[in-house]
Amino acid sequence: MARSALLNVMVQAAFKAGKSLARDFGEVQNLQVSLKGPSDYVSQADRKAEKLIREELLKARPTYGFLGEEGEEIIGTDGAHRWIVDPLDGTTNFLHGIPHFAVSIALERQGEIVGAVVFNPATDELYTAERGGGAFLNDRRLRVAARKALSDAVIATGTPHLGRGNHGKYLIELRHVMGEVAGIRRMGSASLDLAYVAAGRFDGYWERDLAAWDIAAGVLLIREAGGWSTDIDGGSKPVDEGSIVCGNEYITKALRDVVHRPIPTK
């Protein structure tokens, strides 16, 4: 596959951060047996990865803005472009030695996501997309799954963390979805969940209370793989609204209907 110069910059930044995270991940596995645990070490790994990405991207395009999970937003002087970055999506997995985490980088141009990279250094899987150019896993073209019935579908989700989100509301949504689908998966990395939807591994995904860096890259991957994504209420700007329902056209609509099903009354 041919990549633009900008996408190559993004890939190289993801590889550089991924190499650093892979080294730190090996050390985290050793720290699991310590009493203190690896929490402080993982926080440092996260910040170090974002610094590497920020330096690489802004060296190539110094006038672009930068929004990352770990630092203050940088407002770009060109006013049209912004990098949206999660240097370590799946921190809890990383912390516990689970090899399911990713570097996520998106490029926004005038409010639209036009470039995406999601890289899992533990599996060496690189997901890329450019607006109008398709989505790829390494060099293989991606398409969303073709299943139309929820009863045949495996649906991924993200659960509210301790002290965050509306747990009661989520449990009602989960109960409704569980009664309609072939299976539910909770993997712990939103960017990889969305990449898996783009690759046809998952048929759909829903989650609330997300940040832009959680889903910006994944939204473009799904669109370029022929899929749909909306916010939970059906709007066209999930990155701005902070919630998402996605899959192919049929699964997205059906899943959104189930998530919005009224609470049964006695």
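Residues numbered from 1 in each chain as written. Predicted model: local features only at pLDDT ≥ 70, side-chain atom pairs only at ≥ 80, totals over all residues. Heavy atoms only, no water.

Participant: Honestly, the sheet that holds strand β10 (residues 204-207) in this entry has me stumped. Any pointers?
Facilitator: In any sheet, the strands associate via hydrogen bonds between backbone groups, in a parallel or an antiparallel arrangement. The five strands are arranged β9-β8-β10-β12-β11 in an open sheet whose pairing can be described as mixed. At either end of the open sheet lies a strand with only one pairing partner, and these are β9 (183-185) and β11 (228-230). Between one strand axis and the next, the sheet turns by 15° as a mean value, whatever way the strands run. Bridge analysis of strand β8 (residues 154-157) against β10 gives three bridges, and the strand direction is parallel. Bridge pairing in β10 places A156 opposite Y205. Along the sheet, helix α4 (residues 167-178) makes contact with β8, β9 and β10, crossing β10 at roughly 160°. (Pairing = 2+ DSSP bridges. Helix = DSSP H or I, 4+ residues; strand = E, 2+ residues; numbered from the N terminus. Axes fitted to C-alpha atoms, helices over the stretch in contact; angles between N-to-C directions. Contact = heavy atoms within 4.5 Å.)

Participant: Teacher, can you tell me more about the packing of aromatic side chains here?
Facilitator: Aromatic ring pairs are defined here through the distance separating the ring centres and the angle between the ring planes. Scanning the model with the defined rule gives seven aromatic pairs in all. Consider the rings of F94 and F101, whose centres lie 4.9 Å apart with planes at 80°: the pair is edge-to-face. Comparing F94 with F101, the two get one shared label, buried. Following the ring pairs from residue to residue traces out a cluster consisting of F25, F94 and F101. Above the face of the F66 ring, R54 is positioned so that its terminal group lies 6.0 Å from the ring centre. R201 extends its terminal NZ or CZ atom over the ring of Y196, reaching a point 4.6 Å from the ring centre. (Phe/Tyr/Trp six-rings, centres within 6.5 Å; stacked < 30°, edge-to-face > 60°. Buried < 20%, exposed > 50% of the residue type's maximum accessible area, 1.4 Å probe, protein only. Lys NZ or Arg CZ within 6 Å of the ring centre and 35° of its normal.)

Participant: Would you mind showing me how to read the side chain of D214 here?
Facilitator: Mapped onto the secondary structure, D214 falls in helix α6 (residues 212-224). Judged by its relative accessible area of 14%, D214 is buried. A distance of 2.8 Å separates a polar side-chain atom of D214 from the backbone nitrogen of A211. Other than its neighbours up to four places away in sequence, D214 contacts D86, D89, A190 and S191. (Polar contact = N/O pair within 3.5 Å; in protein donor to acceptor, adjacent residues only side chain to side chain.)

Participant: How should α6 be read in this particular structure?
Facilitator: Between the first and last C-alpha of α6 there are 18 Å, a value that for 13 residues agrees with the 18 Å anticipated at 1.5 Å per step. Of all 13 residues in α6, 12 are buried, a share of seventy percent or more. All of the buried residues along α6 are A212, W213, D214, I215, A216, A217, G218, V219, L220, L221, I222 and E224. Note on α6: the residue one or two positions beyond its end, G226, has a positive phi of about 90°. (Expected span 1.5 Å × (residues − 1).)

Structural measurements only, silent on function.
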